[in-house]
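Commentary on secondary and tertiary structure
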Amino acid sequence: MSEVFFILIAAITIASAIWVVFSSNLIYSAVALLFTLFGVAGLYVFLYADFIAATQVVVYVGGILVLIIFGVMLTNKIADNRISHSSRPRFMAGVISFFIFVLVMTVIFTTTWHTGEEQIATATVNTIGEMILTTYLLPFEVASLVLLAALMGSALLSRKKHG
Amino acid sequence: MDNLTSYLVISGILFSLGIFGVMTRRNGVAILMGIELILNSASLNFVAFNRFGGMHRLDGHVFSIFIIVLAAAEAAVALAIIINLFKNLETVNVDQADSMKG
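What you see is a predicted model; the values in this text were computed from it and never measured. (Residues numbered from 1 in each chain as written. Chains lettered and ligands numbered in written order. Predicted model: local features only at pLDDT ≥ 70, side-chain atom pairs only at ≥ 80, totals over all residues. Heavy atoms only, no water.)

Time to look at the overall build of chain A. Per the secondary structure count, chain A includes six helices and zero strands. Relative to its length of 163 residues, chain A is extended, with a C-alpha radius of gyration of 20 Å against a globular reference of 15 Å. Projected onto its principal axes, the C-alpha coordinates of chain A cover approximately 60 × 40 × 30 Å. By sequence separation, contacts in chain A at least 24 residues apart represent 60% of the contacts at least 6 residues apart. Approximately 10,000 Å² of chain A is accessible, and the part contributed by carbon and sulfur atoms is 75%. (Helix = DSSP H or I, 4+ residues; strand = E, 2+ residues; numbered from the N terminus. Rg over C-alpha atoms; globule rule 2.2 N^0.38 Å. Contact = heavy atoms within 4.5 Å. Areas by Shrake-Rupley, 256 points an atom, 1.4 Å probe, with all protein chains shown as cover.)

Let us now look at the environment of Ile-69 of chain A. Residues and elements named next belong to chain A. Among the structural elements, Ile-69 can be located in helix α3 (residues 50–75). Its relative accessible area of 31% is what places Ile-69 among the partly exposed residues. Taking the C-alpha atoms as reference, Ile-69 lies 33 Å from Glu-3; in sequence the two are 66 residues apart. (Buried < 20%, exposed > 50% of the residue type's maximum accessible area, 1.4 Å probe, protein only.)

This next bit is on the packing of helix α1 (residues 2–22) of chain A against helix α1 (residues 4–24) of chain B. Helices that pack against each other are described as a pair by the angle of their axes relative to one another and the distance between those axes. Interhelical geometry of α1 of chain A versus α1 of chain B gives an angle of 10° and a closest axis separation of 9 Å. One element, α1 of chain A, and the other, α1 of chain B, form an angle in the roughly parallel class. Listed contacts from α1 of chain B to Phe-6, Ala-10, Thr-13, Ile-14, Ala-17, Ile-18, Val-21 and Phe-22 of chain A of α1 of chain A are Ser-6, Tyr-7, Ile-10, Ile-13, Leu-14, Leu-17, Phe-20 and Gly-21 of chain B. Classifying every residue of the contact of α1 of chain A with α1 of chain B gives 13 nonpolar, three polar and no charged. (Axes fitted to C-alpha atoms, helices over the stretch in contact; angles between N-to-C directions. Parallel < 35°, antiparallel > 145°, perpendicular 65-115°, else oblique. Nonpolar A, V, L, I, M, F, W, Y, C, P; charged D, E, K, R; others polar.)

The interface of chain B with chain A comprises 71 residues on the first partner and 78 residues on the second. Taken together, both faces of the contact between chain B and chain A bury some 6,800 Å²; the carbon and sulfur share is 76%. Taken together, the links from chain B to chain A amount to 11 residue pairs in polar contact (both at pLDDT 80 or more). Mapped by element, the contributors of at least two residues to the side of chain B that touches chain A are α1, α2 (28–52) and α3 (59–89) of chain B. At 24 residues, the largest contribution of residues to the side of chain B that touches chain A is made by α3 of chain B. Grouping the constituent residues of the side of chain B that touches chain A by class yields 46 nonpolar, 17 polar and eight charged. (Buried area = accessible area lost by both parts, 1.4 Å probe. Polar contact = N/O pair within 3.5 Å; in protein donor to acceptor, adjacent residues only side chain to side chain.)

Below, the discussion takes up the confidence of the model for chain B. One rule of thumb: low pLDDT means the predicted coordinates there are not for detailed reading. For chain B, the average pLDDT comes to 89, and 99% of its residues sit at 70 or higher. Reported for the predicted complex are a pTM of 0.90 and an ipTM of 0.90. (pLDDT = per-residue confidence, 0-100.)

Turning our attention to the nonpolar core. Counting 62 residues, the largest nonpolar core has Leu-33, Tyr-44 and Ile-68 of chain A together with Tyr-7 and Met-33 of chain B as its most contacted members. When residues of this core are traced back to their parent elements, those giving at least two are α1, α2 (26–46), α3, α4 (87–110) and α5 (125–133) of chain A together with α1, α2 and α3 of chain B. Of the residues that make up this core, three or more belong to each of domain 1 (1–79) and domain 2 (124–163) of chain A. (Core = buried A, V, L, I, M, F, W, Y, C linked by side-chain atoms within 4.5 Å. Domains from an automatic or database assignment.)

A few words on the domain arrangement of chain A. Looking at chain A, the domain boundaries give domain 1 (1–79) and domain 2 (124–163). A straight line from the C-alpha centre of domain 1 of chain A to that of domain 2 of chain A covers 23 Å.

To continue, consider the environment of Val-22 of chain B. Residue and element names in this part refer to chain B. Locating Val-22 in the fold gives a position in helix α1. For the pair formed by Val-22 and Val-9, sequence separation is 13 residues and the distance between their alpha carbons is 20 Å. Ignoring any residue separated from it by four or fewer positions in sequence, one finds Val-22 in contact with Ile-31, Gly-34, Ile-35 and Ile-38.

Right, let's talk about a nonpolar patch on the surface for a bit. All names here are of chain A. Side chains of Met-1, Phe-5, Leu-8, Ile-12, Val-31 and Phe-35 sit close together on the surface and give an oily, nonpolar patch of about 610 Å² of accessible area. Elements supplying a minimum of two residues to the nonpolar patch: α1 and α2. For the nonpolar patch, the element with the most residues is α1, which contributes three residues. (Patch = residues over 30% accessible without salt bridge, like charges linked within 9 Å, V, L, I, M, F, W, Y side chains within 5 Å. Salt bridge = Lys/Arg side-chain N within 4 Å of Asp/Glu carboxyl O.)

Below, the discussion takes up unusual backbone geometry. A positive phi is found at Tyr-48 of chain A, a non-glycine position, where the angle reads about 65°. The class of Tyr-48 of chain A is partly exposed, set by a relative accessible area of 28%. A positive phi angle, near 60°, is found at Glu-90 of chain B, a position not held by glycine. Inspection of the secondary structure puts Glu-90 of chain B in the segment after α3.

Spelled out as structure tokens, the structure:
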């Protein structure tokens, strides 16, 4: 049963990721990105990462995707949100990214990965909170500074110019 | 199916698709979507190795949270830049923003 769900979620993730990249309408791309992000959240559930799955849904789907859709709406007229492609760079990009794909697959299937005993499914929130405030305290504080800088920077960039 | 290799394969496919999107798209927002795909694949790898790599801690999960935080910051700044570009040049195609080209 869980096998079927895994294959279904993986198929949805990859199919909508393909749609994100190949769709010629930006709104369709954004909607397909919604399904990709939900699919990745489902894969996190399969990896016993309950907190990450919830964060993925809240931050990506609730925040970043809404921002992206705002960006599409603000920068395109609804009538012509088609994207222009030129074909020659597209072919070269296909070759390069296919080469990268083959390279990654070769590495995945030829390396003997170190796999230890599998994790058991437990609630991860307690441990994550403890680790953020002990081992990863400095990166946590730096992340808050980065967020503050991003907030101020984007407010500064998008305000109206005075004179 | 539920083993390390299948997660790595999914992540590799997402990564290559993201690279392809970043290279082919000319619209700034569409490039941003490709970058989101790449970041998601990296984050998926971290969590997959955390589950199957025989770790007793959750370092992969914490790294994944930091990736999500940086993705949020990056999306906010990038969209501010794109909207500014649209206000100044009336286009969001990144190859037309070449006024500094000699």
